[in-house]
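An overview of the molecular structure
Each chain, letter by letter, is given below.
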Amino acid sequence: MRWNGIIEAYRRFLPVNAKTPVVTLNEGNTPLIFSPRLSEMVGKEASVYLKFEGLNPTGSFKDRGMTVAISRAVEKGAKAVICASTGNTSASAAAYAARAGITCAVLLPKGKIARGKLAQALICGAQVIALRGNFDEALRLVREIGESYPVVIVNSINPDRIEGQKTAAFEVMDVLGDAPDFHFLPVGNAGNITAYWKGYREWKEAGISKKLPRMMGFQAAGAAPVYYDKIVRSPDTLATAIRIGNPASWKKAQMAIAQSNGCVDIISDAEILAAQKWLACNEGIFVEPASAASIAGILKCLGKRACKQCPLADEMRASLLPRPVKIVCTVTGHGLKDPDVVNLQGLKTVTVWPTVDRVIRAMGL
Ligand code: F0G
């Protein structure tokens, strides 16, 4: 069957009507990839799946929310949209605005955006404004501009974004037949964890699904306001996508974690890099550093350094996990967006003269 994007697939759960002009790049329908190695690590009768959101049209989950936000903006007659971004939202907004034929301005923290994301926003013709400040300051400016000028904000403070992003939970349930037992996610501006929880709840309330997952959120240790329950003035992490100190959906994320009996925890930059490399080397999936946060999270839960409040770790120790147990980790963005990370990983090519002998030696045979 032809896939025409998330609005067509889940129209009756979204804030659109027959007159809404659908601006789509056929986003969504991303694969839920079984991870044999993570499943084995969790234990007998465990299935761990990776929702690979890097396979959306602009390479991140943002496209789900953006198709709804831009379609609705066009419906309202908007001629321009604006967003603050750590990179992926700007790439997505630029692409969907280009498709709609409207103007797009993006405010980015200068020097803290992965190279691929910057290229995406520029090539799609967005007005790219590098701010001498961080994401939180950029979002504050965007809110002010949105109040006084005729532009539609397409950050996740726009509820249409959350509505679109909740369709990832629908897709997970469509494939698994019900919600998983645990859902692991990176947390930055906290919109995505809010959106998944909304999606899971809506289908449970509609009687389409039976279970609700425990929402497991992971923040970079240097940018962990939800974990510390405190604004972080100068957030810092090499996972630039989640370098956020004052998330917009903070309260809603806390609610999702509390209501689902889940948890929020931190992982270090070293753990993020290790998880990124582990996933690429063991499952062949290259994700950007922020996306590796969910993998670092599950590895932490399974390891010796599991946090005290982690239900997965506790229940594994006490053999209380439901059997069979189903776990989903969302990997939010494609690794190709941030190619410079190979330097941080300390990875290098080997250069040799063009002889069989030299190549064989370089191969270590
Ligand atoms: N992973 C990636 C790859 C992201 O780009 C983001 C957020 C997150 C995770 C966190 O999701 O904000 O919903 O909690 N990126 C935003 C942006 C902030 O501007 O692209 P969240």
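All values reported here derive from a predicted model rather than from experimental measurement. Here the residue numbers are simple positions, counted from 1 along each chain's written sequence. With the structure being a predicted model, the display of local features is reserved for residues of pLDDT at least 70 and the display and counting of side-chain atom pairs for 80 or more, all residues being used for whole-chain, interface and lining totals. As a rule here, side-chain values cover all heavy atoms of the structure and leave hydrogens and water aside.

Along its length, the protein chain carries 16 helices and 10 strands. Our radius of gyration is a C-alpha quantity, and the globule rule it is checked against amounts to 2.2 Å times the number of residues to the power 0.38. Taking 2.2 N^0.38 as the reference for a compact globule, 365 residues should give roughly 21 Å; the C-alpha atoms of the protein chain span a radius of gyration of 20 Å, in line with that estimate. Its C-alpha atoms give the protein chain principal-axis dimensions of roughly 60 × 60 × 45 Å. Throughout this description, buried means an accessible area under 20% of the type-specific maximum (1.4 Å probe, protein chains only), exposed means over 50%, and partly exposed covers the range between. For the protein chain, with 365 residues in total, the buried portion stands at 57%. The contact criterion used is simple: two residues touch if any of their non-hydrogen atoms lie within 4.5 Å. Across the protein chain, the fraction of contacts at a sequence separation of at least 24, relative to all contacts at a separation of at least 6, is 72%. For the protein chain, the computed accessible surface area is about 16100 Å², with 54% contributed by carbon and sulfur atoms. Runs of H or I in DSSP of at least four residues are treated as helices and runs of E of at least two as strands, each being numbered from the N terminus. The protein chains shown are the only cover counted for residues, whose accessible areas, like all others here, come from Shrake-Rupley with a 1.4 Å probe.

This part takes up the site of the ligand. A cutoff of 4 Å decides nearness: a residue is near a molecule or strand if any of its heavy atoms lies inside that distance of it. The environment of the ligand is made up of 21 residues, and the closest members are Ser85, Asn88, Asn189, Ala190 and Thr332. The term polar contact refers here to a pair of N or O atoms within 3.5 Å; inside protein, the definition further demands a hydrogen-donor-capable atom paired with an acceptor-capable atom, and it admits residues adjacent in sequence only when both atoms are side-chain atoms. The separation between an oxygen atom of the ligand and a polar main-chain atom of threonine 86 is 2.8 Å. If the ligand stood free it would expose 470 Å²; the protein chains cover 98% of that surface. Points on a 1 Å grid over protein atoms alone make up a cavity when a 1.4 Å probe fits among them but cannot get out, and a pocket when they form an open set with protein on both sides within 12 Å along at least five of seven lines; lining residues each have an atom within 4 Å of a point. Just a note on the criterion: a molecule sits in a pocket or cavity if more than half of its atoms are within 2 Å of the grid points. Judged by its atoms lying within 2 Å of the grid points, the ligand is housed in the largest cavity.

In this text, buried Ala, Val, Leu, Ile, Met, Phe, Trp, Tyr and Cys residues form a nonpolar core when linked through side-chain atoms within 4.5 Å. Phe184, Met216, Ile295, Ile298, Leu312 and Ile327 are the most contacted members of the largest nonpolar core, which has 37 residues in total. Sort the elements by how many residues they give to this core and helix 13 (residues 292-302) lands first, with 6 residues. In this structure, leucine 312 is in contact with Phe182, Phe184, Met216, Ile298, Cys301, Leu321 and Ile327, ignoring residues within four places of it in sequence. If you look at the next biggest cluster of nonpolar residues, it comprises 32 residues, including Met173, Leu176, Tyr196 and Ile257.

Glancing now at the sheet that holds strand 6 (residues 152-153). Sheet architecture is open: 4 strands sit in the order 5-4-3-6, paired in parallel fashion. The open sheet has two free edges, formed respectively by strand 5 (127-131) and strand 6, since each of these has just one partner strand. Any two strands between which DSSP finds at least two bridges are classified as paired. Where strand 4 (residues 103-109) lies against strand 5, 5 bridges are found, and the strand directions are parallel. Paired with leucine 108 across the strands is alanine 130, a residue of strand 5. To obtain each axis, a line is fitted to C-alpha atoms, and for helices this fit is confined to the stretch in contact; angles are then taken between N-to-C directions over 0 to 180 degrees. Along the sheet face, helix 6 (residues 135-148) touches strand 3 (80-84), strand 4, strand 5 and strand 6 and points at about 150° away from the line of strand 3.

For the rest of this paragraph, the subject is helix 4 (residues 88-100). A helix is expected to span 1.5 Å multiplied by its residue count minus one. Between its first and last C-alpha, helix 4 extends 18 Å over 13 residues, near the 18 Å set by a 1.5 Å rise per residue. Counting buried positions along helix 4 gives 10 out of 13 residues, so the element sits mostly inside the fold. Among the residues of helix 4, those classed as buried are Asn88, Thr89, Ser90, Ala91, Ser92, Ala93, Ala94, Ala95, Tyr96 and Ala97. On its buried face, helix 4 is in contact with helix 3 (62-75), strand 3, strand 4, helix 5 (115-123) and helix 7 (159-165). The positive-phi residue at the C-terminal boundary of helix 4 is glycine 101, with phi of around 75°.

Here the focus is the packing of aromatic side chains. Aromatic contacts are taken between Phe, Tyr and Trp rings whose centres are within 6.5 Å, Trp giving its six-membered ring; a plane angle under 30 degrees counts as stacked, one over 60 as edge-to-face, and the others as tilted. Counted under the stated rule, the structure contains 9 aromatic pairs. Geometrically, the ring pair formed by phenylalanine 13 and phenylalanine 170 is tilted, given 5.2 Å between the ring centres and 55° between the ring planes. Placement of phenylalanine 13 in the loop between helix 1 (6-9) and strand 1 (32-34) and of phenylalanine 170 in helix 8 (residues 167-176) is noted, with a sequence separation of 157 residues between them. Using a relative accessible area of 16% as the deciding quantity, one classes phenylalanine 13 as buried. On the basis of relative accessibility, which here comes to 0%, the residue phenylalanine 170 falls in the buried class. Measuring from ring centre to ring centre gives 5.0 Å for tyrosine 227 and tyrosine 228, while their planes differ by 80°; the resulting arrangement is edge-to-face. Since its relative accessible area comes to 30%, tyrosine 227 is described here as partly exposed.

Look at asparagine 29: it is not a glycine, yet its phi comes out positive at around 55°. Looking at where asparagine 29 falls in the secondary structure, it is placed in the loop between helix 1 and strand 1. Overall, asparagine 29 belongs to the partly exposed group, its relative accessible area being 47%. Positive phi outside glycine occurs at aspartate 229, with the angle close to 55°. Note on placement: aspartate 229 falls in the loop between helix 10 (225-228) and helix 11 (250-259).

This part covers the pattern of salt bridges. When a carboxyl oxygen of Asp or Glu lies within 4 Å of a side-chain nitrogen of Lys or Arg, that pair is called a salt bridge. The full count for this structure, using the stated rule, is 16 salt bridges. Ionic pairing is found between arginine 201 and glutamate 205, a salt bridge with its closest N-O pair at 4.0 Å. One end of the pair is arginine 201 and the other is glutamate 205, both in helix 9 (residues 191-205) and 4 residues apart, which spans about a single turn. Using a relative accessible area of 65% as the deciding quantity, one classes glutamate 205 as exposed. A salt bridge links aspartate 357 to arginine 361; its shortest N-O distance comes to 3.6 Å.

With that out of the way, let us pick up the packing of helix 9 against helix 11. In a packed pair of helices, the relevant descriptors are the angle between the two axes and the axis-to-axis distance. Where helix 9 contacts helix 11, the axes come no closer than 8 Å and their chain directions differ by 50°. Classified by the angle between their axes, helix 9 and helix 11 sit oblique to one another. Considering the relative orientation of helix 9 and helix 11, their crossing is left-handed. Of the residues in helix 11, those touching helix 9 at Ile193, Thr194, Trp197 and Arg201 are Lys252, Ala253, Ala256, Ile257 and Gln259. Polar here means any residue other than Ala, Val, Leu, Ile, Met, Phe, Trp, Tyr, Cys and Pro, which are nonpolar, and Asp, Glu, Lys and Arg, which are charged; Gly is therefore polar. When the residues that make up the contact of helix 9 with helix 11 are grouped by side-chain class, the tally is 5 nonpolar, 2 polar and 2 charged. When describing relative orientation, an angle under 35 degrees is termed roughly parallel and one over 145 degrees roughly antiparallel, while 65 to 115 degrees is termed roughly perpendicular and anything else oblique. For any helix crossing, the convention is left-handed if the near helix is rotated counterclockwise from the far helix by under a right angle, and right-handed if that rotation is clockwise.

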